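One-letter residues, chain by chain:
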Amino acid sequence: MMRVWQKIYFMTLLLFLGLLNAGLFLAARFIFSYNMQQEQKQGETDCYFICQNLEHDFAILEQSGRYKEQIIALVIEGYQDYYSTKSIEIFLEETDAYEAVEVSSNVTDGGGQMEVYVARNLTGNYQSYRIHYKKRLVDFEKIWQSIQQVFALISLVTSLLLCLLLYILMKNLLKPLDRLNESVAQIAAGNYGQQAYDGKHRRTKDEIGELSENVNKMAKTIQNQISALEEENAKKQQLMDNMAHELRTPLTSIYGFAEYLKCAKTTEEEEYEGLTYIMSESNRLAKMSETMLSMRFFETKAAQAEAIEMQSLASHVEKILSEKLKEKQLTLRKNFNIEKIYGEEELLINLFRNLLENAIRASRTGEDIIWNAMQSDEKMVFEIIDYGIGMEQEELSKITEAFYRVDKARARKDGGVGLGLSVASLIVRKMDGSMTFSSIPGEGTTVILQFPNKMIKSH
């Protein structure tokens, strides 16, 4: 298969050689035609002077009374002898003076020999005579052969130089295209880290350079998308693994208690205790299922912002959590300097409920939980602070992962399913916000939420 540079090379070469040889041919024909015209004019001039001389000789012969055919033949013979040394043939012809053409001339190139032929009538009393002039262009034939050889040599040398120079030029100009082709082949084979140009090869400032840059951008985009897909698949796999682990424990317990109640002789108290445990674990499974469905709902549902009274929102969330707050004798202290927040009420209720539930689980009995809302640096900032058990620094980067628990035993005891902070993180991302954690073991945890200023309306 012929490569692109080879096609360009041969097509360009044929075009240049065709134009070159056509130019040389036209130049040669012009030189040939010009010289032939000059030879024809020279023949006409020679014939004119021969006619003038013959008229003069005939006039002298006529005055001396010697104007006879034999004398005329001798005169013509003298002219023929003289001009034969110059490769010129002449002869005299007697014609009808009234029908004869005065002058005619042409140049012939027949049989490989070039000749100039001129026919001219004498004038005056001798116009019944016509001189025929024929000159063999021997020197011109040699010169013309030399010119043809020179032009052929020029064509050959120029063609060879053009072939070599064009080959070098094409190889150098299209070398970036070869490197680009190799890079694209490696990218097609899955090596998305391959660069169309690197430190060893400078990018050309032309269309090939632009194409190379676009190929690099394409490869980087594909690599980023593949990395994102791999990361997403890893997260999904981890979620499935965690879910399977989370489901195994309650299902095993439910099955175990159900089998025990079915097969063993139990007292009424033991039956009550077993059924209570089965109901508790079933409720936790139902809550887990509900939470995962809500995550999917939040992920696909388009957010619709609306103005929400901050105090009304806080009262709603506090009412939902009132039983849990009373159970641990906790006090929720609110400090708001924002009148309204713009967002979707359902998302915001779920967000703050999950964060405050997490703070309640981490708090010890009788402690306070602080809920602040303020405007800072053109952003809406929320803080939820508890003074509970806290977390180690290495745990902070994992707490938004699905089913991750800092204290698994305590979380299960409190009814948590390990999805609260995952839901909160999803809602924050959907609202173009950010969520950060800071914690000290034994001293408590602070959650900071920041949202764009377009979501808020202050006093």
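Here's what I pulled together on the structure shown here. Keep in mind the model is a prediction, meaning the values are calculated, not measured. (Residues numbered from 1 in each chain as written. Predicted model: local features only at pLDDT ≥ 70, side-chain atom pairs only at ≥ 80, totals over all residues. Heavy atoms only, no water.)

1. A short note on helix α2 (residues 69-84)
Reasoning step 1: Its 16 residues give α2 an end-to-end C-alpha distance of 22 Å, which sits within 8% of 22 Å, the value for a rise of 1.5 Å per residue.
Reasoning step 2: Those residues of α2 that fall on the buried side of the exposure criterion are Ile72, Val75, Ile76, Tyr79 and Tyr83. End-on view of α2: buried residues confined to an arc of 95 degrees, all on one side of the axis. In α2, the exposed positions angled more than 90 degrees off the buried face are occupied by Gln70 and Leu74. (Helix = DSSP H or I, 4+ residues; strand = E, 2+ residues; numbered from the N terminus. Expected span 1.5 Å × (residues − 1). Buried < 20%, exposed > 50% of the residue type's maximum accessible area, 1.4 Å probe, protein only. Arc of directions from axis to C-beta.)

2. Let's talk about the side chain of serine 439
Reasoning step 1: Of note, serine 439 is situated in strand β10 (residues 434-440).
Reasoning step 2: Classification of serine 439 as buried rests on a relative accessible area of 5%.
Reasoning step 3: A polar side-chain atom of serine 439 sits 3.2 Å from the main-chain carbonyl oxygen of glycine 444.
Reasoning step 4: When residues no more than four places from it in sequence are discounted, the contact partners of serine 439 are Gly390, Met391, Gln393, Leu396, Gly444 and Thr445. (Polar contact = N/O pair within 3.5 Å; in protein donor to acceptor, adjacent residues only side chain to side chain. Contact = heavy atoms within 4.5 Å.)

3. Describing the sheet that holds strand β11 (residues 444-452)
Reasoning step 1: The mixed open sheet is built from 5 strands, whose spatial order is β6-β8-β9-β11-β10. Edge positions in the sheet fall to β6 (331-336) and β10, since each of these pairs with one other strand and no more. Neighbouring strand axes in the sheet, compared pairwise and without regard to direction, differ in orientation by 15 degrees on average.
Reasoning step 2: Sheet contacts for helix α7 (residues 310-320): β6, β8 (368-376) and β9 (379-386); angle to β6, the most-contacted strand, approximately 165 degrees.
Reasoning step 3: Across the face of the sheet, helix α9 (residues 345-362) comes into contact with β6, β8, β9, β10 and β11 while running at roughly 25 degrees to β9. (Pairing = 2+ DSSP bridges. Axes fitted to C-alpha atoms, helices over the stretch in contact; angles between N-to-C directions.)

4. Notes on the environment of serine 322
Reasoning step 1: Mapped onto the elements, serine 322 comes out in helix α8 (residues 322-327).
Reasoning step 2: Expressed as a C-alpha distance, the spacing of serine 322 and leucine 332, which sit 10 residues apart in the sequence, is 9.6 Å.
Reasoning step 3: Within the structure, the side chain of serine 322 is placed 2.9 Å from the backbone oxygen of lysine 319, a separation counted as a polar contact.

5. Here we look at the pairing of strand β4 (residues 129-136)
Reasoning step 1: Within β4, 6 of the 8 residues are buried, which leaves it mostly tucked inside the rest of the structure.
Reasoning step 2: As paired strands, strand β1 (residues 88-94) and β4 are joined by 7 bridges and run antiparallel to one another. Following the sheet pairing, glutamate 93 is matched in β4 by arginine 130.
Reasoning step 3: Alignment of strand β3 (residues 113-121) against β4, held across 7 bridges, turns out to be antiparallel.

Purely geometric stuff here, so don't read any function into it on its own.
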